[in-house]
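# A closer look at the structure
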Number of protein chains: 2
Amino acid sequence: MRISKFVTPEIIYGLGALSQVGESALRLGASKIFVVSDPGVVAHKWVEQALDRLRQVGLAFEVWFDVSSNPKDYEVHEAVKCYLDMGCDAILAVGGGSPIDVAKAVAILATNGGVIQDYEGVNKITRPLPPLLVVPTTAGSGSEVTQFAIIVDTRRKVKMSIISKSLVPDIAIIDPAVLQTKDARLTAATGLDALSHAIESFVSLAATPLTDVHALNAIRLIARFLRPSVACQTDLEAKGAMAMAALQAGLAFSNAILGATHAMAHQLDALLDQHHGETNAVLLPYVMEFNQIACVEKFARIAGALGENITGLSSWEAADRAIRAVRRLVRDLGIPESISVTDLSGEDLNRLSRNALKDACVITNPRDVTEKDLYDLFSRVLKRGIQNDQ
Amino acid sequence: MRISKFVTPEIIYGLGALSQVGESALRLGASKIFVVSDPGVVAHKWVEQALDRLRQVGLAFEVWFDVSSNPKDYEVHEAVKCYLDMGCDAILAVGGGSPIDVAKAVAILATNGGVIQDYEGVNKITRPLPPLLVVPTTAGSGSEVTQFAIIVDTRRKVKMSIISKSLVPDIAIIDPAVLQTKDARLTAATGLDALSHAIESFVSLAATPLTDVHALNAIRLIARFLRPSVACQTDLEAKGAMAMAALQAGLAFSNAILGATHAMAHQLDALLDQHHGETNAVLLPYVMEFNQIACVEKFARIAGALGENITGLSSWEAADRAIRAVRRLVRDLGIPESISVTDLSGEDLNRLSRNALKDACVITNPRDVTEKDLYDLFSRVLKRGIQNDQ
C-alpha cells in the first residue's frame, strides 16, 4: 500500500449549473476575471450566458477566444500578456480541454513568470496561482478536475505534460445542458477520450482504491450512455451521465495518471490534424492487448463494467471480452481501426517512439515499455506510414 | 437533476501516511500549530509520532488534549482561548470524530469570534478559517472529510450540527496503521457509524450520482471488511479497507447529508453514555424499515452492495434482505437490538421527538417524518423507557 494523494476541485453539478458562474467567481475573490474560450464554443450561447452571469454580479471581465484545438505555446504567451496588461486577478474557462488547459497555463505564467516550457513535467510550479473557475463544454478531457495541462511545444512538435496539484481548478461547474450543442463526431471523440482516461488510470501502477472507484464507475457510465449520447443531441439523461463519466474519469487519472495510450497519443497529437480523443480511441485496443499480460484481473473487472456477461469465464477470457467490447464501441461510433498517415518515414516512427518513451505517462503503464514495443505499436496503428516507407 | 455541490479535502492515504504530517503542516503555511487530541489517543504512540514529525520540520506547536467523547461547548471555549493566547495559526487534529470536531469548532471561533452556539445550522460561518490538518485514528466518523462538526450544547442537552463548506479540512492524512490500537468494541461502533453514514446518504433526498458512488462503495467495503477488522486488531488489509470505507461514507454524507437515524441519534447522544456509533447501529434497522416504502429500489441496490444474493428477487424482497443483512451485521458485532434506559418518562420521549424533528438531518430523510413517527420509533428502540413509564 503506497502513500497516495487525492485532490479534487469543488464540483458544482446539475442542469442549469452554469447559472452559478457569477456567484462562484465572486466567492473566489475575483475583481476582474479573464474569460478563456474558443471560437467553436463562442458560436453557441454558453459563453454569452456565462458573461451575463458575470455582469449580473457586477464583475468586470476581459475575454480571450484565440484558442485552437491542441493549444500551442505561443497562444498561451499571447493570452498571459493580455491577462497582465488588463490587470485581471482570476480566470474563467468555458470550453473543452483546450480552453481549460490554456486557462491553466495562463494561471501559471501570471504569477510564476517565464515561458510555459519552464513548467513541463511534475511539480515545477512554486507560487500560488490566481483563482481558476472552469465550465467544461465537452464530456471528455476531464481537465475541469485534473492536475494536468497539455500544451504543444511548437518548436519541438511535442505535447508537453504539465502536472501539478496547483493546476486543479478551484471550482468546476458541470452543466450537462451545454453538451447539447456538440455534434455527434465531437461527442464520440470526447467520450472515447474519457474512456481511455478511465481504462488507463484503472490499470495504472499509481491506481488507488479511491481512483479505482471513479475509474470503474466512469467505464460503467460510458458503456451505457455514450452510444445514446452520440445518437441524440438532446438526450439529457445521456448527457448528464456522460458529464459525470468524464468528471469521474478525470478524478481517476488526475490522481492515478495514465499509460502508454496517452504517451503515444501525445506524440501523434502534435503531428496529426485530428481530435486527441479519436487518436486515443484508435490506440486504446492495441495498447490494451499489449498490457493484457500485466493486469488480466483488472481487465476482467473492466469487462464487467463494460456490461459484458462474464459469468463462468476465466479471468483471461473475461479480459479478452474487455478488449473486444472496446473495439466494438469504437467501431459503433465510426472511428477507424488505424490511422492513415501517408508521409511518415521509418525515421519519423523512430522519433515518435523515442519521444513517447520520455512521456510521463509511460512510467505508470502497467507493463514495462521499451522503445521497440512503442515502435511496434506505432507500426500497427499507422499502417500506411509503414507501407509508404517500405 | 438538482444542482449539487461536492467538496473534499486533499486526501493523503496509505500505510505510513502519518509521516506526512510535518511536510503537510508546512505546506499549509503554519508557523505555530495547535494540536488537538484526547487522552485515549495520546495513550498510544500516534500523537507522539505526529509531534516528532512537527519537530523534524522545525514547526512550533501547542498541545490540547482535554477532549471528551461527544465533545462539549465549554471544551471548545477553553481550547480556543488557549489557541489565541498561544498565538497559534493552524490546527492539527489527531483522533476520532471528537478531537476532529473540536478542532473544527476551535477553527471557527479563532477567526469568527463569539460562542460555538452562534454557528449552529447551515452556512453561519462568514470569515475564512485557519488551515486545518486532520489525522483520523478511527474508521468511522468521516469527520476528516466532511463539512460537519457536532458539538453538545450542555445547557440545552442537544447535539448541535454545524454545517459549512469551510469545515472541510484542508488536508486529511489517512494511515490505516493507526487503527491497530483500537479495541474490538470501538472498531465495531465506529465501523457501524460509517455504515449508517453510507446507507443514510445513499437514500438521502440530497443524494447525487457522485455521492452514490462513494456511499455504495463504502457499503461494499464495510460488508466485506468490518467483521474481520473487529475480529483481528492487526489485520491490515481489513484496516485499510475500513479506513477507505469511513472516508468514502464521509464524502457521501458530507455532500448528501443524512436522515432520521442521525436526527434521532443526535438526541440520544446528549442523553446516553454510549458511543454515537452504537446508538446509530441500534437505530438504523428501525429507520430502514420505516423508510422502505420511500426507496425500495435503492434498498435493493444496498442489498447487492451488502453481498446478498438478490438474483431473481423482486425489489421489495431484495430491500427486505438489505434490512435483514444490516440486523445480522449489527448482531454479529455484539450490539444489542434496543437501548436500555431505565429513567426515561413519556414526557422525555416527547421532548426527544420534538428535538429530533428540528434536527437538520430530518430534512433529507427519504420519507416524510412527523413528530408522531419519531415518537413511535423512539418507543420501539428505547423499550424499557416506555415500560417504566406505563
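Residues numbered from 1 in each chain as written. Chains lettered and ligands numbered in written order. Predicted model: local features only at pLDDT ≥ 70, side-chain atom pairs only at ≥ 80, totals over all residues. Heavy atoms only, no water.

As annotated in an unreviewed UniProt entry, chain A carries the name Iron-containing alcohol dehydrogenase and comes from Desulfofundulus thermobenzoicus. Taken from UniProt, the Sequence similarities (unreviewed entry) comment for chain A reads in full: "Belongs to the iron-containing alcohol dehydrogenase family." (UniProt positions renumbered as here; feature names shortened; annotations may be inferred.)

What follows covers the interface of chain B and chain A. Taken residue by residue, the interface counts 33 residues in chain B and 33 residues in chain A. Across the chain B to chain A interface the summed buried area is about 2600 Å²; carbon plus sulfur atoms make up 64%. For the pair chain B and chain A, the number of links is 2 salt bridges. Viewed at the interface, chain A and chain B are joined by 8 residue pairs in polar contact (both at pLDDT 80 or more). Among the secondary structure elements, those contributing two or more residues to the side of chain B that touches chain A are β1 (4-6), β2 (10-13), α1 (21-27), α7 (209-231) and α8 (236-256) of chain B. Of the residues contributing to the side of chain B that touches chain A, the split by class is 17 nonpolar, 10 polar and 6 charged. Across 3 bridges, the pairing between strand β2 (residues 10-13) of chain A and β1(B) is antiparallel. Following the sheet pairing, A:Ile12 is matched in β1(B) by B:Lys5. (Contact = heavy atoms within 4.5 Å. Buried area = accessible area lost by both parts, 1.4 Å probe. Salt bridge = Lys/Arg side-chain N within 4 Å of Asp/Glu carboxyl O. Polar contact = N/O pair within 3.5 Å; in protein donor to acceptor, adjacent residues only side chain to side chain. Helix = DSSP H or I, 4+ residues; strand = E, 2+ residues; numbered from the N terminus. Nonpolar A, V, L, I, M, F, W, Y, C, P; charged D, E, K, R; others polar. Pairing = 2+ DSSP bridges.)

All names here are of chain B. Close contact between helix α6 (residues 184-202) and helix α9 (residues 260-269) brings their axes to 9 Å; oriented N to C, the two are set at 140°. If you check the angle between α6 and α9, you find them oblique. Note on element contacts: α9 touches α6 through Ala-260, Thr-261 and His-262, opposite Asp-193, Ser-196, His-197 and Glu-200. Class assignment for the residues of the contact of α6 with α9 results in 1 nonpolar, 4 polar and 2 charged. (Axes fitted to C-alpha atoms, helices over the stretch in contact; angles between N-to-C directions. Parallel < 35°, antiparallel > 145°, perpendicular 65-115°, else oblique.)

This paragraph deals with the nonpolar core. Of all hydrophobic cores here, the largest spans 286 residues; its most connected members are A:Phe34, A:Leu92, A:Leu195, B:Phe34, B:Leu92 and B:Leu195. Setting aside its immediate chain neighbours within four residues, A:Leu92 contacts A:Val21, A:Ile33, A:Phe34, A:Val35, A:Val36, A:Ala50, A:Leu54, A:Leu133 and A:Val135. (Core = buried A, V, L, I, M, F, W, Y, C linked by side-chain atoms within 4.5 Å. Buried < 20%, exposed > 50% of the residue type's maximum accessible area, 1.4 Å probe, protein only.)

Regions with low pLDDT carry predicted coordinates that are not meant to be interpreted in detail. Residues and elements named next belong to chain A. Residues at a pLDDT of 70 or more form 98% of chain A, whose mean pLDDT is 95. The low-confidence segment residues 385-390, where pLDDT is below 50, has 9 contacts with residues more than four positions distant or belonging to other chains. Both confidence scores are given for the complex: pTM 0.91, ipTM 0.86. (pLDDT = per-residue confidence, 0-100.)

A few words now on the pattern of salt bridges. Following the criterion strictly, the structure yields 40 salt bridges over all chains and no others. A salt bridge links A:Arg380 to A:Glu289; its shortest N-O distance comes to 3.4 Å. Here A:Arg380 is found in helix α14 (residues 371-381), whereas its partner A:Glu289 is found in helix α10 (residues 276-291), with 91 residues between them in sequence. A:Arg380 sits in the partly exposed class, given a relative accessible area of 40%. A:Arg328 is the salt-bridge partner of A:Asp332, the closest N and O atoms lying 3.0 Å from each other. Placement of both A:Asp332 and A:Arg328 in helix α12 (residues 315-332) is noted, with a separation of 4 residues, approximately one turn of the helix. Residues participating in the shared-partner salt-bridge network are A:Glu10, A:Glu23, A:Arg27 and B:Lys165.

UniProt tags residues 9-176 of chain A as "domain: Alcohol dehydrogenase iron-type/glycerol dehydrogenase GldA" (unreviewed entry). The span residues 9-176 of chain A is 30% helix and 26% strand, and its two end C-alpha atoms sit 18 Å from each other.

The operation relating chain B to chain A is a screw motion whose rotation component is 180°, with 0.0 Å of axial translation and a residual RMSD of 0.0 Å. Given the turn and translation reported, the copies of this chain are related as if by a two-fold rotation axis. In terms of C-alpha distance to the rotation axis, chain B has B:Thr8 as its closest residue, with the C-alpha 3.3 Å off the axis. Of the residues that chain B buries at the interface, 100% are likewise interface residues in chain A, meaning the two copies contact each other through the same surface. (Least-squares fit on C-alpha atoms with pLDDT ≥ 70 in both.)

Residue and element names in this part refer to chain A. Pairing within the open sheet is mixed, and its 3 strands lie in the order β6-β9-β8. Among the strands making up the open sheet, the edge pair consists of β6 (121-122) and β8 (148-153). Relative to strand β9 (residues 158-163), β6 runs parallel, the two sharing 2 bridges. Bridge pairing links Val-122 to Ile-163 in β9. Sitting on the sheet, helix α5 (residues 97-112) touches β8 and β9, and the angle it makes with β8 is about 90°.

Our focus in this paragraph is the layout of surface pockets. Where empty space is left can be seen by rolling a probe of water-molecule size over the atoms. Quantified by volume, the second largest pocket comes out at close to 1600 Å³. Contributing to the lining of the second largest pocket are 45 residues, with A:Val213, A:Arg220, B:Val213, B:Asn217 and B:Arg220 lying nearest its centre. Mapped onto the lining of the second largest pocket, the elements with two or more residues apiece are α7 (209-231), α8 (236-256) and α11 (296-305) of chain A together with α7, α8 and α11 (296-305) of chain B. Of the residues that constitute the lining of the second largest pocket, the class distribution is 21 nonpolar, 11 polar and 13 charged. (1 Å grid on protein atoms, 1.4 Å probe; cavity = no way out; pocket = protein on both sides within 12 Å on 5 of 7 lines; lining within 4 Å. Points joined across faces, edges and corners; volume = space filled by probe spheres on them.)

Moving on to the domain arrangement of chain A. All names here are of chain A. One can read the domain layout of chain A as domain 1 (10-179) and domain 2 (182-381). Each of domain 1 and domain 2 was reduced to a C-alpha centroid, and the two centroids are 25 Å apart. Each partner contributes to the interface: domain 1 provides 26 residues, whereas domain 2 provides 31 residues. Taken over both partners, the interface formed by domain 1 and domain 2 buries close to 2400 Å², and the fraction arising from carbon and sulfur atoms is 65%. Ranking the residues of domain 1 by area buried against domain 2 places Phe-148, Lys-159 and Leu-179 at the top, with a combined share of 23%. (Domains from an automatic or database assignment.)

Turning our eyes to something else, we now look at the UniProt feature "domain: Fe-containing alcohol dehydrogenase-like C-terminal" (unreviewed entry) in chain A. Per the UniProt record, "domain: Fe-containing alcohol dehydrogenase-like C-terminal" (unreviewed entry) is found at residues 187-380 of chain A. Overall, residues 187-380 of chain A shows 71% helix and 0% strand. The separation of its end C-alpha atoms is 26 Å.

On to unusual backbone geometry. The residue A:Ile257 is not glycine, and still its phi comes out positive at about 60°. Following the sequence through the fold, A:Ile257 ends up in the loop between α8 and α9 (260-269). The exposure class of A:Ile257 is buried, given its relative accessible area of 17%. Of note in this structure, B:Asn70 is not a glycine but carries a positive phi near 50°. Tracing the backbone shows B:Asn70 in the loop between β4 (60-64) and α4 (73-85). A residue is classified by how much of its surface remains accessible, and B:Asn70, at 12% relative accessible area, is buried.

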